[in-house]
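# Coordinates in review
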Amino acid sequence: MPDTAATLALPAAFEQAAKALLGPKGWHTDADLCEAAATPWRGTYSGRTPAVAMPASTQEASELIKLCNAHHVAITPQGGNTGLVDAGTPHGEITLNLRRMQAVRDTDPFNNSLTIEAGAPLVNAQQAADDADRLFPLSLGSQGTATIGGLISTNAGGVAVLRYGMMRDLILGLEVVLPNGEIWDGLSGLRKNNTGYDLKHLFAGAEGTLGIITAATLKLFPKVQRASSWISCESPDDIIKLLALVRKHAGDTVTSFEMIPANAIDMVCQEMPDTRDPNPSELPWRVLCEISMTREDHARALLESALEEAFEIGLAADAVIAESLSQANAFWAIRESIPLCKRAFGTSINHDVSVPVSRIPDFLIASEAAVKTIAPEAEIVAFGHVGDGNLHYSACEPADVETPSLGSKAKAIVEAVHACAMQHDGSISAEHGVGRLKRDELAAIRPKAATEAMIAIKRALDPNGILNPGRVISAD
């Protein structure tokens with residue numbers, strides 16, 4: 001396995017061959033570009049890389065991987081550099097970026113499928129679908145930057161998992177450069193193809209450790225119209241019951257169901273003065289609920305019916321339904337601004353956890369008690385995709401603190417929150433992945449048989465250990 005600490009000194013023969021293969025547009029050693037590639041967007045850690053490789057085609061990527069194998073040069077694949085678990089940040093490896101590969105290869109509206117290259121940002125897939133009068137439903141805050149390859153490699157979630165599933169659920173086929181440089185052409189628009197191991201799911205969520213995804217065939221859906229509501233609630237318990245009630249009325253047309261605490265809205269409004277709570281209330285919780293159907297009047301009628309019953313039985317105190325797309329976008333702007341605005345309030349210890357939906361209220365009570373035992377001064381900001389059990393849970397420094405203290409307690413807080421998630425039959429990584437950040441912790445709690453199977457797969461496909469070494473598992 002390559003020594004990534006030593007990889008910064010690239011073999012001269014390798015570098016010469018890589019330059020000849022990729023040309024001046026595809027091989028970069030510029031210090032500023034390398035530093036940018038080694039610095040993730042949140043800036044909480046940094047890495048280092050001797051070069052950034054940008055192949056223009058699957059064939060170039062294949063030849064580059066063969067070169068890396070021959071010279072035992074390690075590679076970190078990187079998409080939009082929006083990850084949160086130190087999976088796509090190079091630590092001595094060369095960086096492989098597919099930003100030159102963004103082509104839409106095929107759109108088939110009658111098959112409801114789209115084939116697009118892995119370097120394309122998510123918005124390109126959304127636009128290509130829209131141009132074909134179809135919908136690609138994955139939606140998240142970084143969709144202008146996050147790439148298709150990165151989203152598949154991390155099995156991204158987003159705000160519509162409740163209806164459409166995770167990124168792996170939106171894949172029909174993949175094209176992958178394997179660790180030996182061979183190309184697996186698994187691009188297919190088939191929904192039924194029961195001919196052996198379903199290899200595409202091996203690479204989805206593997207964080208670039210098993211192969212380089214260069215293109216994907218994605219599922220498309222009929223376009224929908226949305227009815228969006230901003231709802232005031234008393235407690236997480238009421239919110240869980242409200243979700244069940246809305247689904248009773250609207251079934252699987254409930255697309256998003258986001259839980260937002262009032263203190264998160266206060267943070268956003270303080271950081272973004274032109275922002276306001278769409279329906280001010282003294283209650284501690286809000287829900288952003290969205291129903292989508294082919295006709296907006298039908299979606300709105302279902303939402304109104306559900307809210308009427310919610311008011312009658314006391315699950316919701318007040319609500320406003322968006323009267324326009326711009327008003328609905330304003331609801332979402334608050335929700336999507338929470339992660340950014342937390343940064344302005346000093347230290348925040350962040351977690352990406354999931355628990356069964358029914359156990360969210362108990363988890364919130366138990367985790368807050370555990371955190372307050374360690375850091376009584378911490379302010380808890382817990383928001384997220386309650387419809388699928390995924391909470392973005394943060395212990396934040398109080399806004400008026402004079403001497404920051406949470407940083408020194410971060411390890412204990414993370415251990416306490418993760419322990420609570422596991423005690424409530426949950427996961428310590430809901431949608432952000434594993435990377436280096438959670439690798440060792442997961443190895444300690446994951447069933448031994450699962451870890452051994454992962455190591456066996458990694459060693460079988462990547463015996464030289466050149467693809468994103470040290471992420472997800474330790475296969476040394």
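Residues numbered from 1 in each chain as written. Predicted model: local features only at pLDDT ≥ 70, side-chain atom pairs only at ≥ 80, totals over all residues. Heavy atoms only, no water.

## Looking at the confidence of the model for the chain
Regions with low pLDDT should not have their predicted coordinates read in detail. Worth spelling out the cut-off: Every residue gets a pLDDT, meaning the predictor's confidence in that residue, from 0 to 100. The criterion used for residue contact is that any of the two residues' heavy atoms lie within 4.5 Å.
Model confidence for the chain is summarised by a mean pLDDT of 94, while 97% of its residues fall at 70 or above. Low pLDDT, under 50, characterises residues 3-7; the stretch is placed with twelve contacts to residues that sit more than four places away or in other chains.

## Looking at the side chain of K458
Heads up, the condition is: Each helix corresponds to a stretch of at least 4 residues labelled H or I by DSSP, and each strand to a stretch of at least 2 residues labelled E; elements are numbered beginning at the N terminus.
Relative to the elements of secondary structure, K458 occurs in helix α15 (residues 448-461). Those residues in contact with K458 that sit more than four places away from it in its chain are T209, L210, P463, L467, I473 and A475.

## Structural notes on the sheet that holds strand β9 (residues 183-186)
Applied cut-off: Any two strands are treated as partners once DSSP identifies two or more bridges connecting them. Only the stretch in contact is used when fitting a helix axis, every axis being a line fitted to C-alpha atoms; angles between N-to-C directions are given from 0 to 180 degrees.
Pairing is antiparallel in the open sheet, where five strands are placed in the order β5-β6-β10-β8-β9. Either end of the sheet is taken by a strand with one partner, and the two such strands are β5 (104-108) and β9. This sheet shows a mean twist of 15 degrees between the axes of neighbouring strands, independent of strand direction. Pairing analysis gives four bridges linking β5 to strand β6 (residues 113-117), with the strands arranged antiparallel. Paired with V104 across the bridge in β6 is I116. Against the sheet, helix α3 (residues 58-71) touches β5, β8 (171-177), β9 and β10 (212-219), its axis set at about 50 degrees to β8. Along the sheet, helix α4 (residues 122-131) makes contact with β5, β6 and β10, crossing β6 at roughly 145 degrees.

## Things to note about the packing of helix α8 (residues 236-250) against helix α10 (residues 296-313)
Axis angle and axis distance: for two packed helices, these are the angle between their axes and the distance between the axes, and together they describe the pair. To be explicit about the condition: Any angle that falls under 35 degrees is termed roughly parallel, while one over 145 is termed roughly antiparallel, one within 65 to 115 roughly perpendicular, and all others oblique. Throughout, a crossing is termed right-handed when the near helix is turned clockwise from the far one, and left-handed when it is turned anticlockwise from it by less than a right angle. Under the scheme applied here, ten amino acids are nonpolar (Ala, Val, Leu, Ile, Met, Phe, Trp, Tyr, Cys and Pro), four are charged (Asp, Glu, Lys and Arg), and all others, including Gly, are polar.
Axis separation between α8 and α10 bottoms out at 9 Å; the angle between their running directions is 140 degrees. Taken together, the axis directions place α8 and α10 in an arrangement best described as oblique. Judged by the sense of rotation from one axis to the other, the crossing of α8 with α10 is right-handed. Residues L242, L245, V246, K248, H249 and A250 of α8 lie in contact with α10, whose contacting residues are L302, S305, A306, E309, A310 and I313. Residue composition of the contact of α8 with α10, by class: eight nonpolar, two polar and two charged.

## Here's the deal with the packing of aromatic side chains
The geometry of an aromatic ring pair comes down to the distance between the two centres and the angle between the two planes. Our working definition: Stacked, edge-to-face and tilted labels apply to pairs of Phe, Tyr and Trp rings (six-membered ring for Trp) whose centres lie within 6.5 Å, assigned for plane angles under 30 degrees, over 60, and everything in between, in that order. When a residue's accessible area, from a 1.4 Å probe over protein chains only, is under 20% of the maximum for its type it is buried; when over 50% it is exposed; and in between it is partly exposed.
Following the criterion strictly, the structure yields five aromatic pairs and no others. Measuring from centroid to centroid gives 5.7 Å for F363 and Y393, while their planes differ by 65 degrees, and the two rings are edge-to-face. Of this pair, F363 sits in helix α12 (residues 360-374) while Y393 sits in strand β18 (residues 390-396), and the two are 30 residues apart along the sequence. Judged by relative accessible area, which is 0%, Y393 ranks as buried.

## Observations regarding empty space enclosed by the protein
The condition that has to hold: Buriedness for pockets is judged along seven lines, at least five of which must meet protein on both sides within 12 Å for an open set on the 1 Å grid over protein atoms alone, while cavities are sets there where a 1.4 Å probe fits but cannot get out, and lining residues have an atom within 4 Å of a point. Grid points are joined across faces, edges and corners, and a volume is the space filled by probe spheres set on the points.
Across all of its chains, the model carries one cavity of 30 Å³ or more by this definition. Every residue along the wall of the largest cavity is listed here: S153, F203, A206, E207, G208, T209, L210, G211 and I213. Of the residues contributing to the lining of the largest cavity, the split by class is four nonpolar, four polar and one charged.

## A closer look at the sheet that holds strand β3 (residues 75-78)
For sheets, the rule is that strands pair by backbone hydrogen bonds, running either parallel or antiparallel. Here we have four strands laid out as an open sheet, ordered β1-β2-β4-β3, and mixed in their pairing. Bordering the open sheet on either side are β1 (27-28) and β3, each of which pairs with just one other strand. Summarising the sheet, β3 and strand β4 (residues 94-97) pair through four bridges and their orientation is parallel. Of the residues in β4, the one forming a bridge with P77 is L96.

## As for helix α1 (residues 12-22)
Quick note on the threshold: Summarising the geometry, the arc corresponds to the directions from the helix axis toward the C-beta atoms.
Turning to α1, its buried residues are F14, A18 and L22. For α1, the arc enclosing every buried residue in end-on projection is 45 degrees, short of the 170-degree limit, so these residues lie on one face. Facing away from the buried surface of α1 by more than 90 degrees, the exposed residues are A12, Q16 and A20. If you follow the buried residues of α1, they end up packed against β1, β2 (52-53), α3 and β4. The first or second residue beyond α1 is G23, which carries a positive phi of 75 degrees.

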